[in-house]
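Overview (structure and organization)
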Amino acid sequence: GDTLILTKPLGSGVLFNASRSGKLPYADLERDILPLLAALNGPAMDAALQFNLHACTDVTGFGILGHLLEVAHGCNAKVVVNYRNLPFFPYSLDMYRKGESTGSNKANRAMVNKHHLEMDITLDTAEEEMLYDPQTSGGLLLSLPHSEADALLKVLHDTGISQAVKIGEVVDEPVGIVVA
């Protein structure tokens, strides 16, 4: 099987909306979020290309589950994502708790739920919304053999991509997504 690595946190969609609606001060966005969003994916891609990559996509408007679905279809396999390993931007979960959302969450949820989604973890509404949050300038979602994952993470971290983390795995089962 393969390990899935994500190079940037999730939650930028709701943060931009929260900044526009006044729930999040722009200074917080500027200080804590924008520097990470501004980081280009080039260095992460260069690092990843040194390894035996099986799949790679940048996480954009379809949310993490939409892009995991893309990987599942591309690999003709099941993707298991460990929710507790997902990196979230500061404030993002809190903004969903405060009632903020985005124009894409509902459509992203509908798209994924039409396919084979299994929830093996109990999440509250805000936690669930994070799975559908559309990303602006999102990170890379990389799939590579388990045996190479730690080495790639080390190279990413050494390159300054400190947020890169293992979020799940690809298993040889019918196409679908499991959130565990």
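Scoring rules and cut-offs
Residues numbered from 1 in each chain as written. Predicted model: local features only at pLDDT ≥ 70, side-chain atom pairs only at ≥ 80, totals over all residues. Heavy atoms only, no water. Helix = DSSP H or I, 4+ residues; strand = E, 2+ residues; numbered from the N terminus. Contact = heavy atoms within 4.5 Å. Pairing = 2+ DSSP bridges. Axes fitted to C-alpha atoms, helices over the stretch in contact; angles between N-to-C directions. Core = buried A, V, L, I, M, F, W, Y, C linked by side-chain atoms within 4.5 Å. Buried < 20%, exposed > 50% of the residue type's maximum accessible area, 1.4 Å probe, protein only. Salt bridge = Lys/Arg side-chain N within 4 Å of Asp/Glu carboxyl O.

Examined against the element boundaries, F62 turns out to sit in the loop between β2 (55–58) and α4 (63–75). As for F62 and Y132, which are separated by 70 residues in sequence, their C-alpha atoms are 6.8 Å apart. Setting aside chain neighbours within four positions, we find F62 in contact with H67, N108 and M111.

All right, on to the sheet that holds β2 then. Strand pairing in a sheet relies on backbone hydrogen bonds, with the paired strands running either antiparallel or parallel. Reading across from one edge, β2-β5-β1-β6-β3-β7-β4 is the order of the seven strands in this open sheet, with mixed pairing throughout. At either end of the open sheet lies a strand with only one pairing partner, and these are β2 and β4 (117–119). Within this sheet the neighbouring strands show an average axis-to-axis angle of 20 degrees, counted without direction. As paired elements, β2 and strand β5 (residues 140–145) share four bridges and run antiparallel to each other. Within β5, the residue paired with D58 across the bridge is L140.

Moving on, we get to the nonpolar core. Ranked by size, the top nonpolar core spans 39 residues in total, and within it I64, L65, L68, L131 and I167 carry the most contacts. Ranked by residue count, the leading element in this core is α4, at six residues. Beyond its immediate stretch of four places on either side in the chain, L131 contacts G63, I64, L65, Y83, L86, M119, L123 and V179. Counting 14 residues, the second-largest nonpolar core is a separate cluster that includes A44, A149, L156 and I161.

Glancing now at the pattern of salt bridges. Summed over the entire model, instances satisfying the criterion amount to 12 salt bridges. Where K78 meets E118, a salt bridge forms, and the shortest distance between an N and an O atom there is 3.0 Å. Of this pair, K78 sits in strand β3 (residues 78–81) while E118 sits in strand β4, and the two are 40 residues apart along the sequence. Residue K78 is classed as buried on the basis of its relative accessible area of 14%. Between D94 and K98 there is a salt bridge; the shortest N-O distance is 3.5 Å. Take D94: its relative accessible area is 37%, and that puts it in the partly exposed class. On the accessibility criterion, K98 (48% relative accessible area) is partly exposed. Three or more residues are tied together by salt bridges with common partners; here these are D28, R31 and D32.

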